[in-house]
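# Geometric and topological summary
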Amino acid sequence: MDLTVFITGATSGIGKATAEFLAKHNYRLILCGRNQDRLKELKQTLGKQTAITTLQFDVRDKEAVFSAIESLPENFRDIDVLINNAGNAHGMSSIQDGDINDWDAMLDINVKGLLYVSRAILPKMIEKNTGFIVNIGSTAGKEVYPKGNVYCASKSAVEAINKGMRMDLNQYNIRVSAIHPGLVETAFSDVRFKGDTERARKVYQGYKALQPEDIAEIIHFVITRPYHINIEDLVVFPSAQASATIINKK
Ligand code: 8X3
């Protein structure tokens, strides 16, 4: 496959599964993350299947975002698809008990980070008059739930940015799409609950949660539609989930 795909948050969860899935289909991949060791490992393993380059930066650091993208080797500069996947939840508290550092982290990563990366990549897509941006949102951006406050706000922002991007980039022939997963079994809850693994595991117990590979397959489906088709908004729950708070647990 002669498409170059740029993935943020590629070292774990949905991002890693997507990198693995797309590597199998021979996409050229630019894998981004904060952890250099994990990036190196991915380059070694997936590099056996396809062309890979890695960029180590924190999406919160705008200078690092722009200089990393500017440093891309010539043969990886022509980005066809940007998957804005990096994102996390930090803490889960009532608004009056919220940790301000957690709020900053979620808004900086999930919202501002997505904007910085997109801003750095867009000029070339505009120049080429083609491209595809896939924003990984969340069902938390569709429905607020108790103690979800700022995380839900950050994902609602992704939803709004996704719509705004689609309008503004329409004249440049750039497709913009959002995928909103519900409960996906990854390290998401470990991060959210700051290493309280028992609490984290409970989130996925008693039913079959979505797996990161499920979302990877969906992303692949979305980006392989013929160019006249844009799946602009895709919401996916595990079958046992009916809303943020209704989950049929055994
Ligand atoms: C992840 C889904 O319901 O934990 O974004 O917020 S949820």
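Residues numbered from 1 in each chain as written. Predicted model: local features only at pLDDT ≥ 70, side-chain atom pairs only at ≥ 80, totals over all residues. Heavy atoms only, no water.

## Side note on empty space enclosed by the protein
Under the convention used in this document: A 1.4 Å probe that fits into a set of points on a 1 Å grid over the protein atoms alone but cannot get out defines a cavity; an open set with protein on both sides within 12 Å along at least five of seven lines defines a pocket, and lining residues are those with an atom within 4 Å of a point. Grid points are joined across faces, edges and corners, and a volume is the space filled by probe spheres set on the points. Starting at the N terminus, helices and strands are each numbered in turn, a helix being any DSSP run of H or I of at least four residues and a strand any DSSP run of E of at least two. Amino acid classes used here: Ala, Val, Leu, Ile, Met, Phe, Trp, Tyr, Cys and Pro are nonpolar; Asp, Glu, Lys and Arg are charged; the rest, including Gly, are polar.
For the structure shown, the criterion picks out two cavities of 30 Å³ or more. Estimated volume of the largest cavity: approximately 80 Å³. Along the walls of the largest cavity sit 14 residues, with His90, Gly91, Ser93, Trp103 and Asn149 positioned nearest its centre. If you list the elements that add at least two residues to the lining of the largest cavity, you get helix 4 (100–128) and helix 5 (149–169). Class assignment of the residues belonging to the lining of the largest cavity gives a composition of four nonpolar, six polar and four charged. Approximately 30 Å³ is the volume found for the second largest cavity. Every residue along the wall of the second largest cavity is listed here: Thr8, Val59, Asn84, Asn85, Ala86, Ile109, Gly113, Leu114 and Val117.

## Side note on helix 1 (residues 13–24)
Threshold: To estimate how far a helix should reach, multiply one less than its number of residues by 1.5 Å. Buried, partly exposed and exposed residues are distinguished by accessible area as a fraction of the type maximum, computed with a 1.4 Å probe on protein chains only: under 20%, between the cut-offs, and over 50%, respectively. Any two residues whose heavy atoms approach within 4.5 Å are treated as being in contact.
When the terminal C-alpha atoms of helix 1 are compared, their 17 Å separation across twelve residues agrees well with the 16 Å that a helix rising 1.5 Å per residue should span. When we look at burial in helix 1, the residues that qualify are Ile14, Gly15, Ala17, Thr18, Ala19, Phe21, Leu22 and Ala23. Structurally, helix 1 contributes buried residues whose contacts are with strand 1 (4–7), strand 2 (28–33), helix 2 (36–46), strand 4 (81–84), strand 6 (174–181) and helix 8 (212–223). Downstream of helix 1 by a residue or two, asparagine 26 has a phi angle that is positive, lying close to 65°.

## Things to note about the packing of aromatic side chains
Note the threshold: Ring pairs are drawn from Phe, Tyr and Trp, using the six-membered ring of Trp, whenever the two centres fall within 6.5 Å, and their geometry is named by plane angle: stacked under 30 degrees, edge-to-face over 60, tilted for the rest. Lysine NZ or arginine CZ positioned within 6 Å of the ring centre and within 35 degrees of the ring normal marks a charge as sitting over the ring.
According to the stated counting rule, one finds one aromatic pair in the structure shown. Sitting over the face of the ring of phenylalanine 221, arginine 225 holds its NZ or CZ atom 3.8 Å from the ring centroid.

## Overview of the layout of surface pockets
Considering only enclosed or pocket space, the largest pocket measures out at about 1,200 Å³ in volume. Taken together, 48 residues make up the lining of the largest pocket; nearest its centre are Gly87, Asn88, Tyr151, Thr186 and Phe188. Elements represented by at least two residues in the lining of the largest pocket include exactly helix 1, strand 2, helix 5 and helix 6 (188–192). Examining the composition of the lining of the largest pocket, we find that four residues originate from one element, helix 6, more than from any other.

## Considerations on the sheet that holds strand 4
Put simply, the rule is: Think of it this way: DSSP has to see at least two bridges between two strands before they count as a pair. Fitting a line to C-alpha atoms yields each axis, with helices limited to the stretch in contact; the angle taken between N-to-C directions then spans 0 to 180 degrees.
The seven strands lie next to each other as 3-2-1-4-5-6-7, forming an open sheet whose pairing is parallel. The outermost strands of the open sheet, each flanked by one partner alone, are strand 3 (52–56) and strand 7 (233–236). Sheet twist, expressed as the mean angle between neighbouring strand axes with direction ignored, is 15°. As paired strands, strand 1 and strand 2 are joined by four bridges and run parallel to one another. Bridge assignment links threonine 4 to a residue of strand 2, and that residue is arginine 28. Packing against the sheet, helix 2 makes contact with strand 2 and strand 3, and its axis sits at approximately 175° to strand 3.

## Some thoughts on the environment of leucine 46
Topologically, leucine 46 is positioned in helix 2. For leucine 46, a relative accessible area of 6% gives the class buried. Along the primary structure leucine 46 and glycine 206 are separated by 160 residues, whereas in three dimensions their C-alpha atoms are 33 Å apart. Those residues in contact with leucine 46 that sit more than four places away from it in its chain are Ala19, Glu20, Ala23, Leu31 and Ile52.

## Structural notes on the site of the ligand
To keep it simple, the criterion reads: The near set for a molecule or strand comprises every residue that places at least one heavy atom within 4 Å of it. Polar contacts, as used here, are pairs of N or O atoms within 3.5 Å; protein pairs need one atom able to donate a hydrogen and one able to accept it. Residues neighboring in sequence count only if both atoms are side-chain atoms. Using a 1.4 Å probe, accessible areas were evaluated by the Shrake-Rupley method; residue-level cover was limited to the displayed protein chains. Pocket occupancy is defined atom-wise: a molecule lies in a cavity or pocket when more than half of its atoms are within 2 Å of its grid points.
Looking at the ligand, the residues that line it are Ser138, Ala140, Tyr145, Tyr151, Gly182, Leu183, Phe188 and Arg192. Note that an oxygen atom of the ligand is positioned 2.6 Å from one of the side-chain N or O atoms of tyrosine 145. Tyrosine 151 places a polar side-chain atom, nitrogen or oxygen, 2.6 Å from an oxygen atom of the ligand. For the ligand, whose accessible area on its own is 240 Å², the fraction buried by protein is 88%. Applying the majority rule of atoms within 2 Å of the grid points places the ligand in the largest pocket. Of the residues that constitute the shell around the ligand, the class distribution is five nonpolar, two polar and one charged.

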